[in-house]
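Here is how the chains run, residue by residue.
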Amino acid sequence: MPIVTLTSDIGLQDYLTGAIKGLLLQHCPNAQVVDISHHISPFNLPQATYICRSAFRYYPKDTVHLVLNNLFDRKTDFILLARHQGQYICCADNGLLTMIAGGMPEEVYRISLESAEIRNTLGIVTVMARALARLFGGETPAQFGTPAPEIVVKNNLQPLTGEDYIEGQILHIDNFENVVVNITREQFHAQRNGRRFAIFFRRDEMITQLSETYADVAEGQKLALFNAAGYLEIAVNKGNAAGLFGLQGFRRDQLQQQAYQQLSFYQTVRILFE
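Computed from a predicted structure; not experimentally measured.

**Student:** Pulling in residues and values, what's your account of the pairing of strand β13 (residues 222-226)?
**Tutor:** Here β13 lies mainly inside the structure; four of its five residues are buried. Count of turn residues in the β13/strand β14 (residues 231-236) antiparallel hairpin: four residues, of which Gly230 carries a positive phi of about 90°.

In structure tokens:
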């Protein structure tokens, strides 16, 4: 049974997510449609990247991931279908593909939108569904798409580093208001190199040890750990770290070349080593 996942910033408050699933099942009746998330902040590509990369790795070969974030970033006559690490990603040409893949995917095809196609969310999903029907019917993307000569390239947010520090940006605030930072376990240990450390946020808040679980500290106390996706997380045991400390996620208007200059201490986490 083919698997199709859905990721979007649409939410679940109206009919649209249900209509999308209906369209997919019309064209691919044997598919299993799986939700990853529909609560990504609008236009927040770093957050979408974190959610997608953290989830996609657990799906079997040939899963198709429809990523419906920021579909209308630019007017276009095609969507993208890429094959990467044995799975497929279908999305708009808005830079998100290279962020999820961490670079250029192995294969990228354009799926054309006919001139008569309605350029709204359901119209674009209809084109995606038709393409998936052909893919699940045994055709290759090269048979119904054309190789993409170039695509929009955007890079992932990377932490800033120096000899005695690493500074990360808040990628995601989850349902418990735990704060996820774009510092991975591997990046932390490489920069730490066995030294003592102190994690600073909101200027005057500090954590000097890593926890394995939330229960390692008393209720209401702050902690830092690496979550299941391998990213640094600031949390409060049975509390809400983001609300308590006034921490905020990265915003769309900061996705610029000079973005780091616009970050406030509400959005950054700095680790000092000694």
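That covers the picture; the talk isn't over yet.
**Student:** Describe the side chain of Asn182, naming the residues involved and giving the relevant values.
**Tutor:** Looking at the element boundaries, Asn182 is found in strand β10 (residues 179-184). Polar side-chain contacts of Asn182 include one of 3.0 Å to the backbone oxygen of Leu157. Here the side chain of Asn182 touches Gln169 through a polar contact of 2.6 Å, landing on its backbone nitrogen. Leave out the neighbours within four places in its chain, and Asn182 touches Leu157, Gln158, Pro159, Gly168, Gln169, Leu171, Gln187 and Tyr231.

**Student:** I'd like a description of the sheet that holds strand β2 (residues 32-37), backed by residues and values.
**Tutor:** One open sheet holds the seven strands; their spatial order is β2-β1-β3-β5-β4-β6-β7, and the pairing between them is mixed. With one partner strand each, in any of the chains shown, β2 and β7 (146-147) form the two edges of the open sheet. Here six bridges tie strand β4 (residues 78-84) to strand β6 (residues 107-112), and the two strands are oriented antiparallel to one another. Pairing of Leu81 across the sheet is with Tyr109, part of β6. Lying on the sheet, helix α1 (residues 16-27) is in contact with β1 (3-7), β2 and β3 (64-67); it crosses β2 at an angle near 150°. On the sheet, helix α4 (residues 121-136) packs against β1, β3, β4, β5 (87-91) and β6 and is oriented at approximately 175° with respect to β3.

**Student:** Outline the packing of aromatic side chains, listing residues and values.
**Tutor:** In this structure the tally under the stated criterion is five aromatic pairs. Among the aromatic residues, those joined into a ring-pair cluster are Phe188, Phe197, Phe226 and Phe273. Above the ring of Phe78, the side-chain terminus of Arg110 is found at 4.0 Å from the ring centroid. Over the aromatic face of Tyr165 sits the side chain of Arg270, whose NZ or CZ is 4.3 Å from the ring centroid.

What counts and what doesn't
- Residues numbered from 1 in each chain as written.
- Predicted model: local features only at pLDDT ≥ 70, side-chain atom pairs only at ≥ 80, totals over all residues.
- Heavy atoms only, no water.
- Buried < 20%, exposed > 50% of the residue type's maximum accessible area, 1.4 Å probe, protein only.
- Helix = DSSP H or I, 4+ residues; strand = E, 2+ residues; numbered from the N terminus.
- Pairing = 2+ DSSP bridges.
- Polar contact = N/O pair within 3.5 Å; in protein donor to acceptor, adjacent residues only side chain to side chain.
- Contact = heavy atoms within 4.5 Å.
- Axes fitted to C-alpha atoms, helices over the stretch in contact; angles between N-to-C directions.
- Phe/Tyr/Trp six-rings, centres within 6.5 Å; stacked < 30°, edge-to-face > 60°.
- Lys NZ or Arg CZ within 6 Å of the ring centre and 35° of its normal.

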